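# A closer look at the structure
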Amino acid sequence: MMNKLSRENLMSLEEYSECRPTYRASVLEHKKNRHLDLADNIRLLFEDAKTIQYQVQEMLRIERIFEKSGIEEELEAYNPLIPDGQNLKATMMIEYDDPQERKIRLAELIGVEKVIFLQVEGFEKVHPIANEDLERETDEKTSSVHFLRFEFSPEMIRAWKSGAEVYSGVDHPHYEVDAMAIPGSVKRSLESDFDSTVINH
């Protein structure tokens, strides 16, 4: 399991430019099994070292950052989004194509990020700790992007790895999604985010 990223894990701007098409394709393929759609308008992307390295490389490329201090700033901003071994971390996106509808829905969906849940069969629902970096909602509306951390007990992780079903849903009055089993390909991909030593304690 990969720990947090350091400068040694990153490619130079020149190296990244040369391999970007192939690298980008591999990351997009990797992400296919790390998406979870909650009905039509809420999507979770579960982050890991690979998805975050891609984000950092892209930011360095776009901003033309090559100084040590600038690279360290990007790592400091993005490293907290990599799972720690006993949790899953996700970027949550609320997606409505029509700007007017989006405005109405974001006003209705205040607090929705706190009532997303994952649930390992036989255990209680796990609701996330949301937006630890900064507040992303006001009294008038929520943000269209949130960052979530789901913490699991060793017993939950053991059951997950032993084949228990894992469910997800939303308990919000304006966006109810009944518990549904997450696809097997997603479940297997997310298993790799858990540190195997955790379940032996």
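In case you missed it, the structure is sitting above this.
Only a predicted model underlies this, so the values are computations on that prediction, with no experimental measurement involved.

### Side note on the overall build of the chain
The helix and strand inventory of the chain stands at seven helices and eight strands. Over its C-alpha atoms the chain spans a radius of gyration of 18 Å, differing by no more than 12% from the 17 Å that the globule rule assigns to 201 residues. Looking at the chain as a whole, 46% of its 201 residues qualify as buried. Across the chain, contacts joining residues at least 24 apart in sequence account for 71% of those joining residues at least 6 apart. On the chain, roughly 10800 Å² of surface is accessible, and the fraction owed to carbon and sulfur atoms is 48%.

### Re unusual backbone geometry
In the Ramachandran plot, A39 falls in the positive-phi region, its phi being about 60° despite a non-glycine side chain. Looking at the element boundaries, A39 is found in the loop between β1 (35-38) and β2 (42-46). A positive phi angle, near 55°, is found at R64, a position not held by glycine. Mapped onto the elements of the fold, R64 is located in the loop between α2 (49-63) and α3 (68-78).

### Some points on the pattern of salt bridges
For the coordinates displayed, the defined rule picks out 14 salt bridges. In this structure, D193 engages R34 in a salt bridge whose closest nitrogen and oxygen atoms are separated by 2.5 Å. In this pair, D193 sits in the segment after α7 (184-191) while R34 sits in the loop between α1 (13-31) and β1, placing the two residues 159 residues apart along the sequence. By relative accessible area, R34 is classed as buried at 0%. Linking R105 and E108 is a salt bridge whose minimum nitrogen-to-oxygen distance equals 2.9 Å. With a gap of three residues between them, R105 and E108 both fall in helix α4 (residues 99-108), about one helical turn apart. On the basis of relative accessible area, R105 is assigned to the partly exposed category, the value being 29%. On the basis of relative accessibility, which here comes to 27%, the residue E108 falls in the partly exposed class. Connected through salt bridges with shared partners, the residues K4, D84 and K89 form a single ionic network.

### Describing the pairing of β2
Counting buried positions over the five residues of β2 gives four, a clear majority of the element. Alignment of β1 against β2, held across four bridges, turns out to be antiparallel. If you follow D37 over to β2, its bridge partner there is R43. Connecting β1 to the antiparallel partner β2 that follows it, the hairpin turn spans three residues, and A39 within it adopts a positive phi of roughly 60°. As paired elements, β2 and strand β3 (residues 87-94) share five bridges and run antiparallel to each other. Within the sheet, the bridge partner assigned to L44 lies in β3 and is M92.

### Focus on the nonpolar core
Counting residues in each nonpolar core, the largest one holds 33 residues, and the members touching the most others are L44, F46, L88, I116, F150, F152 and W160. Contact partners of L44, with chain neighbours within four places excluded, come to R34, H35, L36, L38, A90, T91, M92, I116 and L148. Counting 14 residues, the second-largest nonpolar core is a separate cluster that includes L5, I52, V56 and L75.

### Side note on the sheet that holds β1
Taken in spatial order, the five strands of this open sheet run β1-β2-β3-β6-β5, and their pairing is antiparallel. Looking at strand neighbours, the two that pair on one side only are β1 and β5 (129-130), the edges of this open sheet.

### Here's the deal with the packing of aromatic side chains
As enumerated under the stated definition, the model contains six aromatic pairs in all. Both rings, one in F46 and one in F150, keep their centres 6.4 Å apart while their planes meet at 45°; by these two values the pair is tilted. Placement of F46 in strand β2 and of F150 in strand β6 (residues 145-151) is noted, with a sequence separation of 104 residues between them. Overall, the relative accessible area of 0% leaves F46 in the buried class. When its relative accessible area of 0% is taken as the criterion, F150 is described as buried. Measuring from centroid to centroid gives 5.7 Å for F152 and W160, while their planes differ by 90°, and the two rings are edge-to-face. For F152, a relative accessible area of 2% gives the class buried. Residue W160 is classed as buried on the basis of its relative accessible area, which comes to 0%. Ring pairing ties together the aromatic residues Y16, Y23 and Y54, which thus form one cluster.

Criteria and thresholds
- Residues numbered from 1 in each chain as written.
- Predicted model: local features only at pLDDT ≥ 70, side-chain atom pairs only at ≥ 80, totals over all residues.
- Heavy atoms only, no water.
- Helix = DSSP H or I, 4+ residues; strand = E, 2+ residues; numbered from the N terminus.
- Rg over C-alpha atoms; globule rule 2.2 N^0.38 Å.
- Buried < 20%, exposed > 50% of the residue type's maximum accessible area, 1.4 Å probe, protein only.
- Contact = heavy atoms within 4.5 Å.
- Areas by Shrake-Rupley, 256 points an atom, 1.4 Å probe, with all protein chains shown as cover.
- Salt bridge = Lys/Arg side-chain N within 4 Å of Asp/Glu carboxyl O.
- Pairing = 2+ DSSP bridges.
- Core = buried A, V, L, I, M, F, W, Y, C linked by side-chain atoms within 4.5 Å.
- Phe/Tyr/Trp six-rings, centres within 6.5 Å; stacked < 30°, edge-to-face > 60°.

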